[in-house]
Amino acid sequence: MAGRVAVRVNNLSYRYISSKKVNNTDGALKEVLKNINFSVLDGEKVSIIGPNGAGKSTLLLNIAGLIESKHKSGEIQIFDKILNEKNIFNIREHIGFVFQDPNDQLFSTTVFDDVAFGLINYLNKKKDDRAKNIEYIREIVKISLGKVNLKNLEDEIPHFLSFGEKKLVTLATVLSYDPKILILDEPSSNLDPRNRSNFLKLIKKMDKSIIVATHDLDLAYDFSDRCIILNDGKIVFDGNSKEIFKDESFLIKNNLDLPLILRRESTQ
């Protein structure tokens, strides 16, 4: 439904236990997110950018319900349902999360088993008989790998794939069960130019809500009309990507740089 809110973040703050001593005390709490507020519409594509330590990954993990909540304040809604410990597993069915490090997500002995794992779990939870239909599972795995340009890799051992190939396999694992929301943490890191281009084309044409956290400002510039810039745990900008990425002084102030494509244009 056009205009429906897929993700709403209300007054979100998050603290974690720091490994550094503060006033000679171990385990001090450090605030990494500070009063975050924004919404993402159904089908909207948003890039979240910011320097290292800005809180991008922590924000994504909170939205997906993949981080302990005892140090969180505020509220996250997924399609009007407030995320809490009672409904977290049901809400996660709507979310596909791709981690920055694919080794955190791949654990099976073959690519087929990794891609099929989430799909089978999803179908079993829905009490869908197709969970036992191996031909159906094989077809969906094949389609999902084809979408990320990794055809005929079903029998490969994930451990021996390149880092970039592993990243694409993890994307295929979540595409297999067709979630309504995709959350991608640094998705283009270590992808070669061809696979990066294919990946960008793939996510741009998807009819899903997609939230991407990235250092790749060219990807953010090409991918989304809207970007959210985090710095020191706070939102310092939420608006049009094409406009803010041309504001070099603002980007430098927030420890960022112009996208490469705009740097090239400025030298011509």
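Residues numbered from 1 in each chain as written. Predicted model: local features only at pLDDT ≥ 70, side-chain atom pairs only at ≥ 80, totals over all residues. Heavy atoms only, no water.

1. Side note on the packing of helix 3 (residues 111–125) against helix 5 (residues 163–175)
In plain terms, the rule: To get an axis, a line is fitted to the C-alpha atoms, and for a helix only the part in contact is used. The angle between two axes follows their N-to-C directions and goes from 0 to 180 degrees. Helix and strand assignments come from DSSP, with helices taken as H or I runs of at least 4 residues and strands as E runs of at least 2, each series counted from the N terminus. The hand of a helix crossing depends on one turn: near helix anticlockwise from the far one by less than a right angle means left-handed, and clockwise means right-handed. Residue contacts follow a heavy-atom distance rule, with two residues in contact if any of their heavy atoms lie within 4.5 Å. The nonpolar class holds Ala, Val, Leu, Ile, Met, Phe, Trp, Tyr, Cys and Pro. Asp, Glu, Lys and Arg form the charged class, and all remaining residues, Gly among them, are polar.
At a minimum axis distance of 7 Å, the contact between helix 3 and helix 5 shows a crossing angle of 35 degrees. Where helix 3 crosses over helix 5, the handedness of that crossing is right-handed. Together, Val111, Asp114 and Val115 of helix 3 and Val169, Ala172 and Thr173 of helix 5 make up the contact between the two elements. For the contact of helix 3 with helix 5, the per-class residue count stands at four nonpolar, one polar and one charged.

2. As for empty space enclosed by the protein
Where we set the bar: Whether a set of points on the 1 Å grid over the protein atoms alone is a cavity depends on a 1.4 Å probe fitting there but being unable to get out, while an open set qualifies as a pocket with protein on both sides within 12 Å along at least five of seven lines; lining residues are those with an atom within 4 Å of a point. Grid points are joined across faces, edges and corners, and a volume is the space filled by probe spheres set on the points.
Taken as a whole and assessed by the stated rule, the structure comprises two cavities of 30 Å³ or more. Here the largest cavity defines a volume of roughly 50 Å³. Residue lining of the largest cavity: Val98, Lys167, Leu168, Leu171, Pro187, Leu191 and Phe199, and that is the complete set. Among the elements that take part in the lining of the largest cavity, helix 5 stands out by supplying three residues, more than any other. The residue inventory of the lining of the largest cavity, partitioned by class, reads six nonpolar, no polar and one charged. What the second largest cavity holds in volume is close to 30 Å³. Lining the second largest cavity we find Lys147, Val148, Leu168, Asn195, Asn198, Phe199 and Leu202. A per-element tally of the lining of the second largest cavity places helix 6 (residues 193–205) first, with four residues. Taken together, the residues of the lining of the second largest cavity break down into four nonpolar, two polar and one charged.

3. What about the sheet that holds strand 2 (residues 29–41)?
Selection rule: Here, a strand pair is defined by DSSP locating no fewer than two bridges between the strands.
The strand order 2-1-4-5 describes an open sheet built from four strands, whose pairing is antiparallel. Across the chains shown, the open sheet's two edge strands, defined by having one partner strand only, are strand 2 and strand 5 (81–82). Each of strand 1 (5–17), strand 2 and strand 4 (72–78) touches helix 1 (residues 56–63); the most contacted strand, strand 2, lies at about 60 degrees to it.

4. Here's the deal with the sheet that holds strand 10 (residues 234–240)
Spatial ordering of the open sheet is given by 6-7-8-3-9-10, a layout of six strands whose pairing is mixed. Since the sheet does not close on itself, it has two edges, and those belong to strand 6 (95–98) and strand 10, each with one partner. Here the strands of the sheet are splayed against their neighbours by 15 degrees on average, with no regard to which way each runs. Looking at chain direction, strand 3 (residues 45–49) and strand 8 (residues 209–213) are connected through four bridges and run parallel. Looking at the pairing, Val46 lines up with Ile211 of strand 8.

5. Focus on helix 1
Owing to its 3.6 residues per turn, the α-helix aligns residues three or four sequence positions apart on the same side. Keep this limit in mind: Working definition: with a 1.4 Å probe on protein chains only, accessible area under 20% of the residue-type maximum means buried, over 50% means exposed, and in between means partly exposed.
For helix 1, the buried fraction is high: seven of the eight residues fall into the buried class. Looking at helix 1, one finds that the buried residues are Lys56, Thr58, Leu59, Leu60, Leu61, Asn62 and Ile63.

6. A closer look at the packing of aromatic side chains
Applied cut-off: Note on ring pairs: Phe, Tyr and Trp rings are taken, using the six-membered ring of Trp, and paired if centres are within 6.5 Å. Classes follow the plane angle, with under 30 degrees stacked, over 60 edge-to-face and the rest tilted. By definition here, charges over rings are those cases where NZ of Lys or CZ of Arg is within 6 Å of the ring centre and within 35 degrees of the ring normal.
Throughout the structure, instances matching the rule amount to five aromatic pairs. Ring plane angle 90 degrees and centroid distance 5.0 Å describe the contact between Phe107 and Phe117, whose orientation is recorded as edge-to-face. Here the residue Phe107 occupies a position in the loop between strand 6 and helix 3, and Phe117 occupies one in helix 3, the gap between them amounting to ten residues. Centre to centre, the rings of Phe237 and Phe250 are 6.2 Å apart; their planes meet at 65 degrees, and the pair counts as edge-to-face. Here the residue Phe237 occupies a position in strand 10, and Phe250 occupies one in helix 9 (residues 248–253), the gap between them amounting to 13 residues. Looking at Lys180, its charged tip hangs above the ring of Phe79, at a distance of 5.4 Å from the centre. Its guanidinium or amino end placed over the ring of Tyr221, Lys242 lies 5.0 Å from that ring's centre, counting from NZ or CZ.

7. Notes on the pairing of strand 8
The criterion, for reference: Clockwise travel from the first strand over the helix to the second, with the strands pointing away from the viewer, marks a crossover as right-handed.
Most of strand 8 is tucked away, with five of its five residues classed as buried. Looking at chain direction, strand 7 (residues 181–185) and strand 8 are connected through five bridges and run parallel. Along strand 8, the bridge assignment pairs Asp185 with Ala213. You can see the chain leave strand 7, run along helix 6 and come back into strand 8, and the turn it takes is right-handed.

8. Quick notes on the nonpolar core
Where we set the bar: The criterion is simple. A nonpolar core is a set of buried Ala, Val, Leu, Ile, Met, Phe, Trp, Tyr and Cys residues joined through side-chain atoms within 4.5 Å.
With 36 residues, the main nonpolar core has Val148, Leu171, Leu184 and Ile210 as its most contacted residues. Within the residue set of this core, elements represented by two or more residues are helix 3, helix 4 (134–147), helix 5, strand 7, helix 6, strand 8 and helix 7 (217–223). Every residue in contact with Leu171, bar those within four places of it in the chain, is listed here: Val98, Val148, Leu184, Phe199 and Leu202. Within the second largest apolar cluster, 32 residues are counted, among which are Ala6, Val46, Ile181 and Ile228.

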